[in-house]
Amino acid sequence: MLLPIIACEIGFWVVLVLALVARYVLRKPRTARALLIAVPLIDVLLLALIVIDLRGGAVADWSHGLGALYLGMSVAFGHSMVSWLDAKFARRFDGAPARPKLYGWQRARREWREFGKAILAGAISAAVLLACIVLVGDASRTQELAGWFPRIGLVLGIWGIIALSYTVWLKPAPAVSVPGGTADAAARRPR
């Protein structure tokens, strides 16, 4: 199962880059939309391959669990990854402005949003794992899949601690330099 997972990951990025090239370089918006619609179909293909492999009598190994984790991450973070790469292409080929960096409470809120996506990814991964366990119906063949539940919990725990750290220790914005001193000094100067 490792090769199909790698192929699907590569396919995700190849189709996404082709869609953005069609949109920004070739100026073919309909082609770009068609390619973007194909991106989630890669996840459906991977899910089908996992189910076919397990239903065909395979004993689940770590790669089946990795496939379930990949599916959860792809569904939960797929839109964010597409938006991130789209912004990069827009900046490079259309001269769009760069996204501003976030500091303080804005950064903390973003970290909690990302943690929320991680929880969604974990829930989807756990649901896929559980569905595979139930579908196979043989605990001896799916024992490895059950071992992924604590791993998902561990990753979510670490992610939650990181999100909490951005709330407890807010990241300050860097001081802005202006000719003749910092922005604070310029603001205090009498006019």
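Residues numbered from 1 in each chain as written. Predicted model: local features only at pLDDT ≥ 70, side-chain atom pairs only at ≥ 80, totals over all residues. Heavy atoms only, no water.

## Here's the deal with the nonpolar core
Then step 1. Counting 32 residues, the largest nonpolar core has L20, L46, I50, L54, L129, C132 and L145 as its most contacted members.
Then step 2. At the level of elements, α1 (2-25), α2 (29-55), α3 (62-94), α4 (104-136) and α6 (148-168) are the ones that each hand at least two residues to this core.
Then step 3. Residue contributions to this core peak at 8 residues, all from α3.
Then step 4. Once residues lying within four places of it in the same chain are set aside, the contact partners of L129 are G65, A68, L145, W148, F149 and I152. (Core = buried A, V, L, I, M, F, W, Y, C linked by side-chain atoms within 4.5 Å. Buried < 20%, exposed > 50% of the residue type's maximum accessible area, 1.4 Å probe, protein only. Helix = DSSP H or I, 4+ residues; strand = E, 2+ residues; numbered from the N terminus. Contact = heavy atoms within 4.5 Å.)

## Remarks on the environment of F115
Then step 1. Within the element layout of this structure, F115 appears in helix α4.
Then step 2. A relative accessible area of 15% means that F115 is categorised as buried.
Then step 3. Linking F115 and V82, residues 33 residues apart in sequence, is a C-alpha distance of 18 Å.
Then step 4. Sequence-distant contacts of F115, that is, excluding residues within four places in its chain, are made with L156, W159, G160 and A163.

## Regarding α6
One turn of the α-helix equals 3.6 residues, which is why residues spaced by three or four share an orientation.
Then step 1. The end-to-end C-alpha separation of α6 is 30 Å, in line with the 30 Å expected for 21 residues at 1.5 Å each.
Then step 2. Residues of α6 that are buried include every one of W148, I152, L156, G160 and A163, and no others. One side of α6 carries all its buried residues, which in axial view fall inside an arc of 110°. The outward face of α6, more than 90 degrees from its buried face, is lined by the exposed residues P150, L154, I161 and V168.
Then step 3. Where α6 is buried, its residues contact α3, α4 and α5 (139-146). (Expected span 1.5 Å × (residues − 1). Arc of directions from axis to C-beta.)

## Overview of a nonpolar patch on the surface
Then step 1. Taken together, L2, L3, I6, I10, V14, L18 and W62 make up a surface patch of nonpolar side chains, about 680 Å² in accessible area.
Then step 2. Of all the elements, α1 adds the most residues to the nonpolar patch, at 6 residues.
Then step 3. With respect to the element layout, L3 can be found in helix α1. (Patch = residues over 30% accessible without salt bridge, like charges linked within 9 Å, V, L, I, M, F, W, Y side chains within 5 Å. Areas by Shrake-Rupley, 256 points an atom, 1.4 Å probe, with all protein chains shown as cover. Salt bridge = Lys/Arg side-chain N within 4 Å of Asp/Glu carboxyl O.)

## Remarks on the pattern of salt bridges
Then step 1. Scanning the model with the defined rule gives 6 salt bridges in all.
Then step 2. As a salt-bridge pair, D86 and R23 come within 2.8 Å of each other at their nearest N and O atoms. Of this pair, D86 sits in helix α3 while R23 sits in helix α1, and the two are 63 residues apart along the sequence.
Then step 3. On the basis of relative accessible area, R23 is assigned to the partly exposed category, the value being 38%.
Then step 4. For R107, the salt bridge identified is with E111, shortest N-O distance 3.0 Å. Of this pair, R107 and E111 both sit in helix α4, separated by 4 residues, roughly a single helical turn.
Then step 5. Note on R107: relative accessible area 13%, which makes it buried.
Then step 6. Each of R107, R110 and E111 takes part in salt bridges that share partners, so that together they form one network.

None of the figures reported here should be taken as evidence of function without further support.
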